[in-house]
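Here are the chains, one letter per residue:
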Amino acid sequence: MNLPNKITLTRIFMIPVFVVFFYLNVMDGWNYLVSAIVFVLAAATDAIDGHIARSRHLVTDLGKFLDPIADKVLVSTALILLLTQDSVFTVSFFEGWGYIAAAICVAVILARELIVSGFRMVAAGKGVVLAADKLGKLKTTFQDIAIALLLASITILGLFSEAGEIVALIGLVCFYVCTLLTILSGVNYIVKNKQVLAEDKPQEAQA
């Protein structure tokens, strides 16, 4: 197993560590800040393993399989866990409707990932490799920033309510921007590669 794949596996192994710290209540609220740090470190490995794999020509089928799984499981886990802390979604003027909006956004984000994954499977079956586009990368950036800030804001809200609200609001803005980019990038990804869904014409039998 090469270095990029080992880094990807490290990201997968960090997911249960992230979950443990999220629920480690013995830390008087600091566990959420620690979980934010673990998430950032795990998310950073995505850029690291990809850069090493491309620069050193170490791209493998195993890496192509593990990398997207690691990303999606990490982000999905973080979003679902955040929904258990409704306080971060209801700060300031968001109040009650903020949590409902957040739940809808999480559903949209997860649905997009499932749709794109299925789309890539169809493409792979036809021997077509689909690379991530700029919108998708921008979405991922806002997504990671939003999750990290929202996680950290839970700790800060318990210590300094006003500062915590500011951090949470910035995180929420990034979160809703991420949701918009999720929709735009998903539609753009499919439209740009719509030929993948085109039915292959059956070849006529030779006489």
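See the structure above.
A brief structural summary. As the structure is a computational prediction, the values presented were derived from the model and not from experiment. (Residues numbered from 1 in each chain as written. Predicted model: local features only at pLDDT ≥ 70, side-chain atom pairs only at ≥ 80, totals over all residues. Heavy atoms only, no water.)

## As for the overall build of the chain
Here is step 1: Tallying secondary structure elements over the chain gives 6 helices and 0 strands in all.
Here is step 2: Shown N-terminal to C-terminal, the secondary structure of the chain runs as helices and strands in the order α-α-α-α-α-α.
Here is step 3: Dimensions of the chain along its principal axes, counting C-alpha atoms only, are 80 × 40 × 25 Å.
Here is step 4: Of all 207 residues assigned to the chain, the portion counted as buried reaches 39%.
Here is step 5: When contacts within the chain are restricted to residue pairs at least 6 apart in sequence, those whose partners lie at least 24 apart make up 77%. (Helix = DSSP H or I, 4+ residues; strand = E, 2+ residues; numbered from the N terminus. Buried < 20%, exposed > 50% of the residue type's maximum accessible area, 1.4 Å probe, protein only. Contact = heavy atoms within 4.5 Å.)

## Some thoughts on the nonpolar core
Here is step 1: With 36 residues, the main nonpolar core has Phe39, Phe89, Ile147, Leu151 and Phe175 as its most contacted residues.
Here is step 2: Excluding its chain neighbours within four sequence positions, the residues that come into contact with phenylalanine 89 are Leu82, Leu83, Phe94, Glu95, Gly98, Tyr99, Ala102, Leu150, Leu172 and Phe175.
Here is step 3: Listed in part, the 6 residues of the second largest apolar core include Val116, Phe119, Ala123 and Val196. (Core = buried A, V, L, I, M, F, W, Y, C linked by side-chain atoms within 4.5 Å.)

## Describing helix 1 (residues 3-22)
Here is step 1: With 20 residues, helix 1 ought to run about 28 Å at 1.5 Å a step, and its terminal C-alpha atoms sit 29 Å apart, in line with that.
Here is step 2: Pro4, Asn5, Ile7, Thr8, Arg11, Met14, Ile15, Phe18 and Phe22 are the residues of helix 1 that are buried.
Here is step 3: Packed against the buried residues of helix 1 are helix 2 (30-55), helix 3 (61-82) and helix 5 (134-159).
Here is step 4: Regarding helix 1, its N-cap is asparagine 2, as a side-chain oxygen of that residue lies 3.1 Å from the backbone nitrogen of asparagine 5 further along. (Expected span 1.5 Å × (residues − 1). Polar contact = N/O pair within 3.5 Å; in protein donor to acceptor, adjacent residues only side chain to side chain.)

## Considering the packing of aromatic side chains
For any pair of aromatic rings, the description consists of the separation of the ring centres together with the inter-plane angle of the planes.
Here is step 1: The tally for this structure, following the rule as stated, stands at 8 aromatic pairs.
Here is step 2: Ring geometry for phenylalanine 119 against tyrosine 189: centres 6.0 Å apart, planes inclined by 65°, an arrangement best described as edge-to-face. Residue phenylalanine 119 is located in helix 4 (residues 95-125), and its partner tyrosine 189 is located in helix 6 (residues 161-192); the two are separated by 70 residues in the primary sequence. In terms of burial, phenylalanine 119 and tyrosine 189 fall into one category: buried.
Here is step 3: Aromatic rings pair up to connect Phe18, Phe22, Tyr23, Tyr32 and Phe39 into one cluster. (Phe/Tyr/Trp six-rings, centres within 6.5 Å; stacked < 30°, edge-to-face > 60°.)

## Focus: a nonpolar patch on the surface
Here is step 1: Together, Met1, Leu62, Phe65, Ile69 and Val73 give the surface a local cluster of nonpolar side chains, amounting to about 470 Å² of exposed area.
Here is step 2: Here methionine 1 is to be found in the segment before helix 1.
Here is step 3: For methionine 1, a relative accessible area of 58% gives the class exposed. (Patch = residues over 30% accessible without salt bridge, like charges linked within 9 Å, V, L, I, M, F, W, Y side chains within 5 Å. Areas by Shrake-Rupley, 256 points an atom, 1.4 Å probe, with all protein chains shown as cover. Salt bridge = Lys/Arg side-chain N within 4 Å of Asp/Glu carboxyl O.)

## A closer look at unusual backbone geometry
Here is step 1: One non-glycine residue, histidine 57, adopts positive backbone phi at about 55°.
Here is step 2: Here histidine 57 shows up in the loop between helix 2 and helix 3.

## Looking at the side chain of threonine 45
Here is step 1: For threonine 45, the position within the fold is in helix 2.
Here is step 2: At 3.0 Å, the side chain of threonine 45 forms a polar contact with the side chain of arginine 11.
Here is step 3: Among the polar contacts listed, one links the side chain of threonine 45 to the backbone oxygen of alanine 42, at a separation of 2.5 Å.
Here is step 4: Setting aside residues up to four positions removed in sequence, threonine 45 forms contacts with Ile7 and Arg11.

## As for the environment of glycine 98
Here is step 1: Relative to the elements of secondary structure, glycine 98 occurs in helix 4.
Here is step 2: Between the C-alpha atom of glycine 98 and that of serine 87, which follows or precedes it by 11 residues, the distance is 9.4 Å.
Here is step 3: Not counting residues within four places of it along the chain, the set of residues in contact with glycine 98 comprises Phe89 and Tyr176.

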